[in-house]
Amino acid sequence: MVVKKKKKTAKKKVAKKKVAKKKVAKKKVAKKKVAKKKVAKKKVAKKKVVKKKVAKKKVAKKKVAKKKVVKKKTKRKPNAAFMKPVQPDEALAQVVGSKAIPRTQIVKKIWEYIKKNNLQDPKNRRNILADAKLKLVFDGKKSVTMFELAKVIGNHLKK
């Protein structure tokens, strides 16, 4: 009997050792999983830090770029072709005067005349109604759109 008890106890010990080994193996696997999770979290944290640093650098570069872009404002120089005096013909001279003046001033004077005599169409303000003087400039048309005005004026200029 003593031998049987020893065999049984030996078997129990072997079984206990196997169970212990399995528990140890499970613990190691669990530790590895925890370690992997920690490493993954550290990587994510590092990526976030790197992204923040990159974002800060980009912002810094943008600020530097904005500082470089700022330039002193200079006054615009008018185009010489617009400022060249032109002579209006007789029909246009009745509205703007017979003196040679730049195209820009001619358009300005025509608009002053239109506003002064209330010649804009009340329903559609883009249309200009002709009176006796402007009818000659508009080549007999009763009304002209403001977009056609420059073309009509151009026809009555001597270069």
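Residues numbered from 1 in each chain as written. Predicted model: local features only at pLDDT ≥ 70, side-chain atom pairs only at ≥ 80, totals over all residues. Heavy atoms only, no water.

### Concerning the overall build of the protein chain
Scanning the protein chain from terminus to terminus reveals six helices and four strands. Helices and strands in the protein chain line up, N terminus first, as α-α-β-α-α-β-α-β-α-β. Counting all 159 residues of the protein chain, 18% fall into the buried class. Sequence separation of 24 or more characterises 29% of the internal contacts of the protein chain that already satisfy a separation of 6 or more. Of the roughly 14,300 Å² of accessible surface on the protein chain, 61% is carried by carbon and sulfur atoms. (Helix = DSSP H or I, 4+ residues; strand = E, 2+ residues; numbered from the N terminus. Buried < 20%, exposed > 50% of the residue type's maximum accessible area, 1.4 Å probe, protein only. Contact = heavy atoms within 4.5 Å. Areas by Shrake-Rupley, 256 points an atom, 1.4 Å probe, with all protein chains shown as cover.)

### Observations concerning the nonpolar core
Counting 19 residues, the largest nonpolar core has L92, I106, I110, L134 and F138 as its most contacted members. Elements that contribute at least two residues to this core include exactly helix 3 (90-96), helix 4 (103-116), helix 5 (132-137) and helix 6 (149-154). A total of four residues in this core trace back to one element, the largest contributor, which is helix 4. The residues contacting I106, other than those within four sequence positions of it, are V86, L92, V96, I101, I153 and L157. (Core = buried A, V, L, I, M, F, W, Y, C linked by side-chain atoms within 4.5 Å.)

### Concerning helix 4
Taking 1.5 Å of rise per residue, the 14 residues of helix 4 would be expected to cover 20 Å, and the 20 Å separating its terminal C-alpha atoms lies within 8% of that figure. Within helix 4, the full set of buried residues consists of I106, I110, Y113 and I114. On an axial view of helix 4, the arc spanned by its buried residues comes to 100°, and they lie on one face. Exposed positions of helix 4 whose direction lies more than 90 degrees from the buried face are K115 and K116. Those residues of helix 4 that are buried lie in contact with helix 3, strand 2 (127-129), helix 5, helix 6 and strand 4 (157-158). Positioned one or two residues after helix 4, N118 has a phi angle of 55°, which is positive. (Expected span 1.5 Å × (residues − 1). Arc of directions from axis to C-beta.)

### A short note on the side chain of D89
With respect to the secondary-structure elements, D89 resides in the loop between strand 1 (87-88) and helix 3. Put simply, D89 is tucked away with no salt bridge, and the nearest opposite charge, on K158, sits 6.8 Å away. Reaching out from D89, the side chain makes a polar contact with the backbone nitrogen of L92 at a distance of 3.2 Å. The contact partners of D89, leaving out residues within four places of it in the chain, are H156 and K158. (Lys, Arg positive; Asp, Glu negative; His and termini not counted. Salt bridge = Lys/Arg side-chain N within 4 Å of Asp/Glu carboxyl O. Polar contact = N/O pair within 3.5 Å; in protein donor to acceptor, adjacent residues only side chain to side chain.)

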